[in-house]
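# Architecture at a glance
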Amino acid sequence: MLKIGCHLSCSKGFAVMGRQALEIGADTFAFFTRNPRGGAAKAVDPDDAAELVRLLGEHGFGRLVAHAPYTMNPCAADENIRRFARETMADDLARMELVPDNYYNFHPGSHVKQGAEVGIALIAEQLNAVLKPEQSTTVLLETMAGKGSEVGRTFEELRQIIDRVELSDKLGVCLDTCHVWDGGYDVVSDLDGVLGEFDRIIGLDRLKAVHLNDSMNPCGSHKDRHARIGEGHIGAEALIRVINHPSLRALPMILETPNELGGYAREIAFLRENYSE
Ligand code: FE
Ligand code: FE
Ligand code: ZN
């Protein structure tokens, strides 16, 4: 029942990612829809996408959690950056339909001195411009660490975005354990309390995926530096409680730890050993 994987490179195409996932014992994965720091996206070969869809079905994968590029900032002060963000998301969502029924996760954005209120309004405006009733992809807002002027550190901010989006049935949330910890939510000593708060403010039915990361920094540091499982301030025990928690155990778990494929394979095996069926 545990669905776990990591970030894979899309540079050799879609089906290659499916085969790599199988090699490292993963049954879900994440990939950047385009270069995470750049702009242009490679065209997707429909046959390649169909081959991935076949692999996913054959091997019982959980939903994939695609990731928008970091450079996408829907609430930038500069109108050109906002237009780029809108076009990027619209184009990504169109291509996601070649691998239907999966997730597309994005960083809500940085308001760059405009204030969180303005940021929230601009993010919602972008979502209202690009979401389509017929899309099969659910778009996930990622919980952020609160570095700089990032919007989405608090559950309240995510809720305010969701509330302003017309097609909000197309929206969910991806909980990043490093980010919420760095943002000030103590998932080590009070995981139940944090999830209770998530439920009161956003609703646990919105929680669709987990980014499973340890953190190089203490709770509330607002830093966003990921560590390998068990090598940071969160620790292996707390992350094992995360994967086994009744509210989280059925969600796709994505590792974004600093690793090569071999390191990911070891973390996946370790977490599977510590998951109670
Ligand atoms: Fe992210
Ligand atoms: Fe993340
Ligand atoms: Zn991060």
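The text that follows walks through the structure, step by step, so that each part is easy to find.

### Section: the coordination of the iron ion (ligand 1)
Only H67 (NE2), H107 (NE2) and E142 (OE) from the protein coordinate the iron ion (ligand 1), and they sit 2.1 to 2.3 Å from it. Residue class for H67 comes out buried when judged on its relative accessible area of 2%. You can call E142 buried: its relative accessible area is 0%.

### Overview of unusual backbone geometry
Positive phi, close to 65°, is recorded for D101, a residue that is not glycine. Tracing the backbone shows D101 in the loop between helix 3 (79–96) and strand 4 (103–106). Using a relative accessible area of 43% as the deciding quantity, one classes D101 as partly exposed. The residue H222 is not glycine, and still its phi comes out positive at about 55°. Along the polypeptide, H222 turns up in the loop between strand 8 (214–215) and strand 9 (226–227). A relative accessible area of 33% places H222 in the partly exposed class.

### Section: the environment of C174
If you trace the backbone, C174 turns up in strand 6 (residues 171–176). Looking at C174, the relative accessible area reads 0%, which means it is buried. When the C-alpha positions of C174 and V242 are compared, they lie 14 Å apart, and in sequence the two are 68 residues distant. Not counting the four nearest positions on each side in its chain, C174 is found in contact with N105, L140, L141, E142, T143, A209, V210 and H211.

### A short note on the coordination of the zinc ion (ligand 3)
At the metal site, the zinc ion (ligand 3) is ligated by H179 (NE2), D224 (OD) and H226 (NE2), and these contacts range over 2.0 to 2.3 Å. Along the chain, the residues that donate to the zinc ion (ligand 3) are spaced as H-x44-D-x1-H.

### Section: the packing of aromatic side chains
Counted according to the given criterion, the structure contains 6 aromatic pairs. When the centroid spacing of 6.2 Å and the interplanar angle of 50° are considered together, the rings of F29 and F31 count as tilted. Residue F29 is classed as buried on the basis of its relative accessible area of 0%. Pairing F32 with Y70 gives two aromatic rings, centres 5.3 Å apart and planes at 70°, and the pair type is edge-to-face. One end of the pair, F32, is in the loop between strand 2 (30–31) and helix 2 (46–58); the other, Y70, is in the loop between strand 3 (65–67) and helix 3, and 38 residues separate them in sequence. Joined through ring pairs, the aromatic side chains of F14, F29, F31 and F61 make up one cluster.

### Remarks on the packing of helix 5 (residues 155–163) against helix 7 (residues 191–201)
Look at helix 5 against helix 7: their axes get within 10 Å of each other, and the N-to-C directions meet at 25°. As summarised for this structure, helix 5 and helix 7 are arranged roughly parallel, according to the angle between their axes. For the crossing formed where helix 5 meets helix 7, the hand is right-handed. Note on element contacts: helix 7 touches helix 5 through V194, E197, F198 and I201, opposite F155, E156 and R159.

### Remarks on the nonpolar core
A general feature of soluble globular proteins is that nonpolar side chains tend to end up buried together. Counting 75 residues, the largest nonpolar core has F29, L127 and L212 as its most contacted members. The element that contributes the greatest number of residues to this core is helix 4 (residues 116–130), accounting for 6 residues.

Conventions we followed
Residues numbered from 1 in each chain as written. Chains lettered and ligands numbered in written order. Predicted model: local features only at pLDDT ≥ 70, side-chain atom pairs only at ≥ 80, totals over all residues. Heavy atoms only, no water. Donors = N, O, S within 2.8 Å, 3.2 Å for Na, K, Ca; no water. Buried < 20%, exposed > 50% of the residue type's maximum accessible area, 1.4 Å probe, protein only. Helix = DSSP H or I, 4+ residues; strand = E, 2+ residues; numbered from the N terminus. Contact = heavy atoms within 4.5 Å. Phe/Tyr/Trp six-rings, centres within 6.5 Å; stacked < 30°, edge-to-face > 60°. Axes fitted to C-alpha atoms, helices over the stretch in contact; angles between N-to-C directions. Parallel < 35°, antiparallel > 145°, perpendicular 65-115°, else oblique. Left-handed = near helix turned anticlockwise from the far one by under 90°. Core = buried A, V, L, I, M, F, W, Y, C linked by side-chain atoms within 4.5 Å.

None of this, on its own, says anything about what the molecule does.
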